[in-house]
Amino acid sequence: IEPRGVQHLLDALSNAETTDLRPLASVIGWLRGTAVDRTLVRLLGEPTVRSEVLEALAHHGEGVISLLIDQLNAEDLETRRAAVMVLGRLGYRSATVPLINVLENDPPLRVEAANALAKLGDEAALDALLSLIGDPDGAVRQSVVAALNSIGSPKMPERVKPLLKDDDPLVRESAAKIAGYFGYSDCADALLECCNEPDERVRKAAVEHLPFLEDNRIAPVLASKLKTDTPKIRAAVAAAMGNVQGPTALSNLLLALNDEDPWVRYFAAQSLGRLREPDSIQSLVELVNKESFNHVKIAALEALGKLGGIEAVNTIKAQLRSEDKDVARVATRALREATSRDF
């Protein structure tokens, strides 16, 4: 399209009916040029075409960065949100400082700003992100932790270690997730101490991430927690043990299949399927036959599907005509998986 034709399309926007905006925005999104960029950024404030504009701007490169940064101060929240999302998708580090400003000063957009900073991967955002790992909003904490894990700075071990002993349990919880995610050896002692925290959230974060540490103390700590802690922690340990190889994990997971809490049994069955231990087939068969909670039965069937073998296949077949449609559907899928290897 020649420049004159492009201008005709841009002019058409000012008089377009709402129903015509979307096709116009889509076509304009294919074009390039300063005027096109300005028009697309202006259209971020129009809800009916925002998804088309977001998609288009994500392919327009560095030329739209300054225009998008200007939109971070727009009065409309959704326009600001859209600008943050596009800046993250574009991935240019020239947007780091403006996004940090959003993270610190625009609370409704903290999740989006953290997600965008994760995509930029710039160490310059570490201080701002670390200052929010104890944010009262769980969604913000989750996004901030994910961003810090995504950046993966070599400075993180020394920054996280003291946070594992912070006075705020929310900070300790987030620090445990970061230290455990990377398996920082310097943080092993502090992370193990978090397993005995009075705050259940901190204990849960710690036990979930213990398998990522290379430390001989991990297996006995997990085994102890699986037998003595609260149902929520026992369930977290059962899930974590799916990442632990060896006879200790197997024996403890087999015991957990008889736990009084159904979620512990559920995660134990899932972990046994992940470990693909043939010695667990008999116990999983028994669980399917006696279990009264369908979500636990489903986890056991899925595990048997991964393990295969004649006994597993026969047990799965018996559930194909279950009165519960979810159980029957999972049994069908598990049978297909089990027989694809065995027969």
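Residues numbered from 1 in each chain as written. Predicted model: local features only at pLDDT ≥ 70, side-chain atom pairs only at ≥ 80, totals over all residues. Heavy atoms only, no water.

## Remarks on the pattern of salt bridges
Opposite charge on two side chains lets them pair, provided their charged atoms get close. Counted only if it meets this: Just to be clear on terms, a salt bridge is a Lys or Arg side-chain nitrogen sitting within 4 Å of an Asp or Glu carboxyl oxygen. Comment: elements are numbered from the N terminus, with helices defined as DSSP H or I runs of at least four residues and strands as E runs of at least two. For each residue, the accessible area found with a 1.4 Å probe, counting protein chains only, is set against the maximum for its type, and the residue is called buried under 20%, exposed over 50%, and partly exposed in between.
Scanning all chains against the criterion turns up 20 salt bridges. Measuring nitrogen to oxygen at the nearest pair gives 2.9 Å for the salt bridge that ties Arg234 to Asp259. With Arg234 in helix H16 (residues 231-240) and Asp259 in the loop between helix H17 (247-256) and helix H18 (262-275), the pair connects residues that are 25 residues apart, well separated along the chain. In this structure, Arg234 and Asp259 share a single accessibility class: buried. Here the salt bridges do not stand alone but share partners, grouping Glu78, Arg81 and Glu112 into one network.

## As for the environment of Asp259
For the record, the criterion: Here, residues are in contact when the closest pair of their heavy atoms is within 4.5 Å. Identification of polar contacts relies on pairs of N or O atoms within 3.5 Å, with a donor-acceptor requirement for protein atoms, meaning one able to donate a hydrogen and the other able to accept it, and with residues adjacent in sequence counted only if both atoms are side-chain atoms.
With a relative accessible area of 13%, Asp259 lands in the buried category. As for Asp259 and Ile100, which are separated by 159 residues in sequence, their C-alpha atoms are 46 Å apart. The contact partners of Asp259, leaving out residues within four places of it in the chain, are Leu226, Arg234, Val264 and Arg265. A polar atom in the side chain of Asp259 sits 2.9 Å from the side chain of Arg234.

## Quick look at helix H14 (residues 200-209)
Within H14, the full set of buried residues consists of Val202, Arg203, Ala205, Ala206, Val207 and His209. Its buried side turned inward, H14 meets helix H12 (169-182), helix H13 (188-194), helix H15 (218-228) and H16. The backbone nitrogen of Arg201 has a side-chain oxygen 2.9 Å away, supplied by the residue at the start of H14, namely Asp199.

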